Amino acid sequence: MAEVKQLVKGLADQHGRSMESLLPILQGIINQEQHISEDAMVEVARELNISAAQVYGTATFYSFLHTKPLGKYVIRVCKTITCMMHGKNQIIQELEAVLKINLGETTHDRLFTLLETNCLGQCHKGPAMLVNDEPYTELTPEKVRAIIMKYKQQELNVN
Amino acid sequence: MSDKINLKIDNIAVSIHSGATILEAARKVNIRIPTLCYHEDLCVAGNCRVCVVEQSGSDRLLPSCAMPVAEGMEIHTNSMKVRSARKQIIELLVSEHRADCTRCYKNGKCELQELASEYIIGDNGFIDLVAHKGYTIDNFSPSIIKDDSKCIRCQRCVRTCDQLQSISALTVAHKGEDMKISSFFDKPMFEVVCTNCGQCVNRCPTGALTEKTYLDEVWSALNAEHKHVVVQTAPAVRIALGEALGMPPGEIVTGKMVTALRRLGFSSVLDTDFTADLTIIEEGNELLQRLKKVVKEKDTSVRLPMTTSCSPGWVKFIEHAFPELLPNVSTAKSPQQMFGALAKTYYAQKIGVDPKDMVSVSVMPCTAKKYEADRPEMRSSGYKDVDYVLTTRELALMIKQAGIDFASLPDDEYDSIMGESSGAAVIFGATGGVMEAALRTAYELVTGREVPFNGLNITPVRGMESIREATIKMEKVLPEWDFLEGVELKTCVAHGLSNAKHVMEAVRDGKAEYHFIEIMACPGGCLGGGGQPIPTSPEIRKKRSEAIYREDALKPIRKSHENPEVMHLYEAFLKAPLGKKSHELLHTHYTERNRY
């Protein structure tokens, strides 16, 4: 709690305390914490002298401002029509099978979260997805398995 | 006049000041354009599109509530294009609205229903989306029910909570088809900063936000054998109840209301005004005690300015927003709760009824009073002091259900020993009223003379201006109060929590040198309360206010300390203001609450 308070205060000192500062502050929290917790939102509200609900309203409007804890690797599969026609549903099915979670969920080891997202601008190379900030295109079920294995291996090496 | 704009609406010439909207211009010539998101008290949102009109020479339809008039405009409010667009807009709104009208609390009083009926929304081509939306109903609060399935996202509630009250307990969350009106993390209204003021309820066009009703409980109590049901009526109910029963705003219906309550079967019909007078005695004495401790004894543990505590919306607001200022709030309970505590002690003893057989009901212009009655502190009699709180609207409904023709009722008088009241109590219902009542009493206590205002009318604290200040100089005081000689008593009155916030920020930052502050959570004070008849507007509140001051002027007793039944209460029961009994029954404490 004290850490969140420090973080938010620092961000407010940096970006200001007007309504326009709200988004940069929320982005700053995402960079540090990956998601914006209830406590963080209350602190933002306090710093900016606005209501916590207003912070919540803004945070929930933007797809990349998360209000729930996510896994270390956030997978965002493009859900828009071109990727859908390129087989996005099979990609999601494969991811669900490999990760043993449903869309919107996080794995038990808190490594992966599976989400859908709006257009990633890769329509010519669909289906496309992001893993954190890394784009992957022209996906097939085989490719998806390999990608996931790569991240799992990476984790094993770290430990 | 050069700043007049001339235009034609449905071929009728209109001349109106520049900056006015097409909607205002149309109303000027009595053309009704339907609206949903528009409300006179709020800023323009322009999001429901029901008010669209056509302009000659333009392909696009214009939202008349948001569009300013321009010279030479030719507007059509009823062209084929407008009518079909409007109908389709209403159909689309209905497709996402749980149109369970016959079972809805707002049945017959719903603005969407009215429009749907006017435009004959049949089985249309749109899929009913309600089943796919996963809507929730939040009915945990003792005051307000929020039913998302009835919400049309017009955002009147969001604007009310933000602009009038500066709370923003409700906000717009998520986007696109998932967009909804939400509290912080969609928590129940009961758990967030909501003050239960009910201003959103008063402005919601549908049944998405309603008061929690206790009609069934009250009817059961009235029909139960061996139950003595006492009822108290707040000052602002008597000048607004008529509106919900077909009368014009500003009608005083005190006598008819008393008759109606007797006919409904209440065993004792008593008056919150009685305890309003009592509040003035307790609160006035508390103010003088605080002044004595601060000015004379230099006691730094006692805080000034003192603020009033009769508005439960205000009390919950300060508990959330300025917990560090809670010691500034008067410890006197609100008139409703003083009444409740006395009903099951003093009154029950006097009439020989066991308090466990007594049911205490109050009729209030307020939804926050329901929450107040539920607070754990409000059980000083050993029982729940006030069992059920009804709003003005609910009482009107009871009267209708009972088949009573209200307009033709004869007048009647309140029952005695807790039914007498002064003009000072009546004006509790208007912003500035508590201040005026307190000054009438406190000034006389200190100087032995009446307040130096013509007809006891302390006009500087009256009116609808958002924040008002008044100063009274204490001169030729009685020996007991010699430390107040020459002191200028500085007072401030604010209504609507947005204004309250400004005042309290000034107090917190040490920028205000007031002694006494009156705050009412609702615009106009209780007369504009969240439990009052719908609709409300600046015009309607003005009429209610005039009625309140008329009622005050008509009262033979104008000062709280001259109320004979209150004097008797002190002699026979309480003994002295701020005494031991008063402390047990009439004073309370406050709780710091969370920031969201």
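Residues numbered from 1 in each chain as written. Chains lettered and ligands numbered in written order. Predicted model: local features only at pLDDT ≥ 70, side-chain atom pairs only at ≥ 80, totals over all residues. Heavy atoms only, no water.

### What to know about the overall build of chain A
- Regarding its fold elements, chain A presents seven helices and four strands.
- Element order for chain A, N to C, with α for helix and β for strand: α-α-α-α-β-α-α-β-β-β-α.
- In terms of overall dimensions, chain A has C-alpha extents of about 50 × 40 × 25 Å along its principal axes.
- With 159 residues in all, chain A has 47% of them scored as buried.
- On chain A, roughly 8500 Å² of surface is accessible, and the fraction owed to carbon and sulfur atoms is 51%.
- The distance from the centre of the 16 positive side-chain charges to the centre of the 18 negative ones in chain A is 3 Å. (Helix = DSSP H or I, 4+ residues; strand = E, 2+ residues; numbered from the N terminus. Buried < 20%, exposed > 50% of the residue type's maximum accessible area, 1.4 Å probe, protein only. Areas by Shrake-Rupley, 256 points an atom, 1.4 Å probe, with all protein chains shown as cover. Lys, Arg positive; Asp, Glu negative; His and termini not counted. Charge placed at Lys NZ, Arg CZ, Asp CG, Glu CD.)

### Examining unusual backbone geometry
- With an omega of -10°, the peptide bond between Gly126(A) and Pro127(A) qualifies as cis.
- Checked against the element boundaries, Pro127(A) lands in the loop between strand S2 (112-117) and strand S3 (129-131).
- Backbone geometry places Ile120(B), a non-glycine residue, at a positive phi of 45°.
- With respect to the helices, strands and loops of the structure, Ile120(B) is situated in the loop between helix H3 (111-118) and helix H4 (130-133).

### Describing the sheet that holds strand S17 (residues 488-495) of chain B
Residue and element names in this part refer to chain B.
- What the four strands build is an open sheet, ordered S13-S18-S17-S16; its pairing is mixed. Sheet topology places strand S13 (306-307) and strand S16 (467-473) at the edges, where each strand pairs with a single neighbour.
- Where S16 lies against S17, seven bridges are found, and the strand directions are antiparallel. Each residue of the ladder has a partner; that of Ala470, found in S17, is Thr491.
- On top of the sheet, helix H15 (residues 433-447) reaches S16, S17 and strand S18 (516-520); it is set at about 150° to S18, its chief contact. (Pairing = 2+ DSSP bridges. Contact = heavy atoms within 4.5 Å. Axes fitted to C-alpha atoms, helices over the stretch in contact; angles between N-to-C directions.)

### Considering the side chain of Ser149(B)
Residue and element names in this part refer to chain B.
- Its place among the elements puts Ser149 in the loop between strand S7 (144-147) and helix H5 (156-164).
- A relative accessible area of 3% places Ser149 in the buried class.
- Only 2.6 Å separates the side chain of Ser149 from the side chain of Asp147, close enough to count as a polar contact.
- Every residue in contact with Ser149, bar those within four places of it in the chain, is listed here: Glu96, His97, Arg98 and Tyr135. (Polar contact = N/O pair within 3.5 Å; in protein donor to acceptor, adjacent residues only side chain to side chain.)

### A few points about the pattern of salt bridges
- Applying the stated criterion to the full structure yields 51 salt bridges over all chains.
- With its nearest N and O atoms 3.6 Å apart, the salt bridge here joins Glu43(A) to Arg46(A). Separated by three residues within a single helix, Glu43(A) and Arg46(A) lie in helix H3 (residues 38-48), roughly one turn from each other.
- Taking relative accessible area as the criterion, Glu43(A) reaches 3% and is therefore assigned buried.
- Of the charged contacts in the structure, one is a salt bridge between Arg462(B) and Asp552(B), with a shortest N-O distance of 3.7 Å. With Arg462(B) in the loop between H15 and S16 and Asp552(B) in helix H17 (residues 538-554), the pair connects residues that are 90 residues apart, well separated along the chain.
- Using a relative accessible area of 17% as the deciding quantity, one classes Arg462(B) as buried.
- Look at Asp552(B) and you get buried, because its relative accessible area is 0%.
- Via salt bridges that share partners, Arg98(B), Asp100(B), Arg103(B), Asp147(B) and Lys150(B) belong to a single interconnected network. (Salt bridge = Lys/Arg side-chain N within 4 Å of Asp/Glu carboxyl O.)

### A short note on the interface of chain B and chain A
- Counting residues at the interface gives 19 residues for chain B and 20 residues for chain A.
- Roughly 1600 Å² of surface becomes buried between chain B and chain A when both sides are summed, with 56% attributable to carbon and sulfur atoms.
- At the junction of chain B with chain A, the criterion picks out one salt bridge.
- With its nearest N and O atoms 3.0 Å apart, the salt bridge here joins Glu38(A) to Lys187(B).
- Summed over the shared surface of chain B and chain A, the result is nine residue pairs in polar contact (both at pLDDT 80 or more).
- Mapped by element, the contributors of at least two residues to the side of chain B that touches chain A are strand S8 (171-173) and helix H16 (497-508) of chain B.
- Of all the elements, S8(B) adds the most residues to the side of chain B that touches chain A, at three residues.
- Along the lines of polarity and charge, the residues of the side of chain B that touches chain A split into seven nonpolar, five polar and seven charged. (Buried area = accessible area lost by both parts, 1.4 Å probe. Nonpolar A, V, L, I, M, F, W, Y, C, P; charged D, E, K, R; others polar.)

### Quick notes on the sheet that holds strand S1 (residues 73-78) of chain A
Residue and element names in this part refer to chain A.
- If you trace the four strands from one edge of the open sheet to the other, you get S2-S1-S3-S4, paired in mixed fashion. The sheet terminates laterally at S2 and strand S4 (134-136), the two strands that pair on one side only. Recorded for the sheet is a direction-independent mean angle of 20° between the axes of neighbouring strands.
- With three bridges joining them, S1 and S3 adopt antiparallel strand pairing. Paired with Ile75 across the strands is Val131, a residue of S3.
- Docked against the sheet, helix H6 (residues 88-99) engages S1, S2 and S3, running at close to 155° with respect to S1.

### Brief notes about the packing of helix H2 (residues 80-95) of chain B against H3(B)
Residue and element names in this part refer to chain B.
- Closest axis-to-axis distance for the H2/H3 pair is 10 Å, and the angle between their directions is 130°. Looking at the two axes, H2 sits oblique to H3. Handedness of the crossing formed by H2 with H3: left-handed. Contact residues: H2 offers Ile90, Leu93 and Val94, while H3 offers Leu112, Leu115 and Ala116.
- Taken together, the residues of the contact of H2 with H3 break down into six nonpolar, no polar and no charged. (Parallel < 35°, antiparallel > 145°, perpendicular 65-115°, else oblique. Left-handed = near helix turned anticlockwise from the far one by under 90°.)

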